[in-house]
Amino acid sequence: MKMYKIIGVILYFVYVVENKETTETSLSGVSDADVTEDNLMKELKIITRAEWGARPAQGPVNDLPVYPPPFVVVHHSATVGCTSQTICSARVRSFQNYHMDHNKWSDIGYNFLVGEDGLVYEGRGWGKRGAHCPKFNPKSIGICVIGNFTSHEPNLIAIETLKDLIEFGVSKGEIQSDYKLIGHRQGSRTECPGNSLYDLIKTFPHFDSNP
Ligand SMILES: *[C@@H]1O[C@H](CO)[C@@H](O)[C@H](O)[C@H]1NC(C)=O
Ligand SMILES: [Zn+2]
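Below or above, wherever it landed, is the structure these notes cover. Being a predicted model, the structure only gives us computed values, none of them experimental. (Residues numbered from 1 in each chain as written. Chains lettered and ligands numbered in written order. Predicted model: local features only at pLDDT ≥ 70, side-chain atom pairs only at ≥ 80, totals over all residues. Heavy atoms only, no water.)

## Re the overall build of the protein
Part 1: When its secondary structure is counted, the protein shows six helices and six strands.
Part 2: Reading the protein from its N end, one meets helices and strands in the order α-α-β-α-β-α-β-β-β-α-β-α.
Part 3: Residues classed as buried in the protein amount to 45% of the 211 residues present.
Part 4: Long-range pairs, those at least 24 residues apart, make up 70% of the contacts in the protein between residues at least 6 apart in sequence.
Part 5: Accessible surface, the protein: about 11,100 Å² in total, of which carbon and sulfur atoms supply 56%. (Helix = DSSP H or I, 4+ residues; strand = E, 2+ residues; numbered from the N terminus. Buried < 20%, exposed > 50% of the residue type's maximum accessible area, 1.4 Å probe, protein only. Contact = heavy atoms within 4.5 Å. Areas by Shrake-Rupley, 256 points an atom, 1.4 Å probe, with all protein chains shown as cover.)

Here's what the structure looks like:
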């Protein structure tokens, strides 16, 4: 008799713990609607402009004239990387300051940024024309992986986050499903996104060697 009670209590706690984990996982998603779409996406966390402390845009940020965009352009920041939300947020603020104060752009140039903390940082966001690769600005989403990837790849969590962000964009209709993935150097004279990251994205299924 006692044995059954003990097993019953154990099973009850296993049940409680499992349900608690399920609840916490779904809370970490972007929104309740998103988490049901794909298991991958419940891990994607987008740090909003308010959360990283963005300045308001100082000029017009226009809608993408080609929407949904058929291209994704990958960049690196050619700076030291970051592995915490605090440091990555500071980096993103510094890029925004440089783009607005030095380049005199309306806002940070990228649509999104990805840190080696596994978080996505909202730049201009979906549906907006970025300032990151003139030839492709009207028809792409520009994503910058924070770090200098000339001689080493981003860490695994950043690579997964980059892939998840693109898939999330496709699932939301914010990127064409048959999109082409390119590195910045394919559209402008630059080393960006660094040799190592460029070699890595060449292995991604949507990579386009001749855009
Ligand atoms: C990026 O890393 C490479 C190789 O380590 C180095 O030569 C280069 O100066 C770095 N770029 C910047 C902008 O710091
Ligand atoms: Zn670039």
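Having put the structure on the table, let's press on.
## So, the sheet that holds strand β4 (residues 120-122)
Part 1: Here we have six strands laid out as an open sheet, ordered β1-β4-β3-β5-β2-β6, and mixed in their pairing. One side of each edge strand has no neighbouring strand; the edge strands of this open sheet are β1 (46-47) and β6 (180-183).
Part 2: Contacts between helix α4 (residues 85-102) and the sheet are confined to β1, β3 (112-114) and β4, with β4 contributing the most and set at about 35° to the helix. (Pairing = 2+ DSSP bridges. Axes fitted to C-alpha atoms, helices over the stretch in contact; angles between N-to-C directions.)

## Remarks on the side chain of His 184
Part 1: Among the secondary structure elements, His 184 is positioned in the loop between β6 and α6 (195-201).
Part 2: Within the local environment of His 184, its side chain forms a polar contact with the side chain of His 75, the two groups lying 3.1 Å apart.
Part 3: Beyond its immediate chain neighbours, meaning those up to four positions away, His 184 contacts Val 73, Val 74, His 75, His 132, Cys 133, Thr 190, Cys 192 and Pro 193. (Polar contact = N/O pair within 3.5 Å; in protein donor to acceptor, adjacent residues only side chain to side chain.)

## With respect to the coordination of the zinc ion (ligand 2)
Part 1: Protein coordination at the zinc ion (ligand 2) comes from His 75 (ND1), His 184 (ND1) and Cys 192 (SG), with a distance range of 2.0 to 2.2 Å.
Part 2: Read in sequence order, the donor residues coordinating the zinc ion (ligand 2) give the pattern H-x108-H-x7-C. In this pair, His 75 sits in strand β2 (residues 71-76) while Cys 192 sits in the loop between β6 and α6, placing the two residues 117 residues apart along the sequence. Here His 75 and Cys 192 have matching classes, each one buried. (Donors = N, O, S within 2.8 Å, 3.2 Å for Na, K, Ca; no water.)

## A look at the site of ligand 1
Part 1: Every residue close to ligand 1 is listed here: Ala 78, Asn 148, Thr 150 and Ser 151.
Part 2: A distance of 2.4 Å separates an oxygen atom of ligand 1 from a polar atom in the side chain of Asn 148.
Part 3: Take Ser 151: an N or O atom from its side chain is 3.4 Å from an oxygen atom of ligand 1.
Part 4: Calculation on ligand 1 without its partners gives an accessible area of 360 Å², and the protein chains cover 35% of this total.
Part 5: In the shell around ligand 1, the residues fall into one nonpolar, three polar and no charged. (Near = heavy atom within 4 Å. Nonpolar A, V, L, I, M, F, W, Y, C, P; charged D, E, K, R; others polar.)

## A short note on unusual backbone geometry
Most peptide bonds adopt trans geometry, and most residues besides glycine take a negative phi value.
Part 1: Cis rather than trans, the peptide bond between Tyr 67 and Pro 68 has omega equal to -5°.
Part 2: Tracing the backbone through its elements, the reader meets Pro 68 in the loop between α3 (49-52) and β2.
Part 3: The amide bond that connects Cys 192 to the next residue, Pro 193, takes the cis arrangement and shows omega of 10°.
Part 4: With respect to the element layout, Pro 193 can be found in the loop between β6 and α6.

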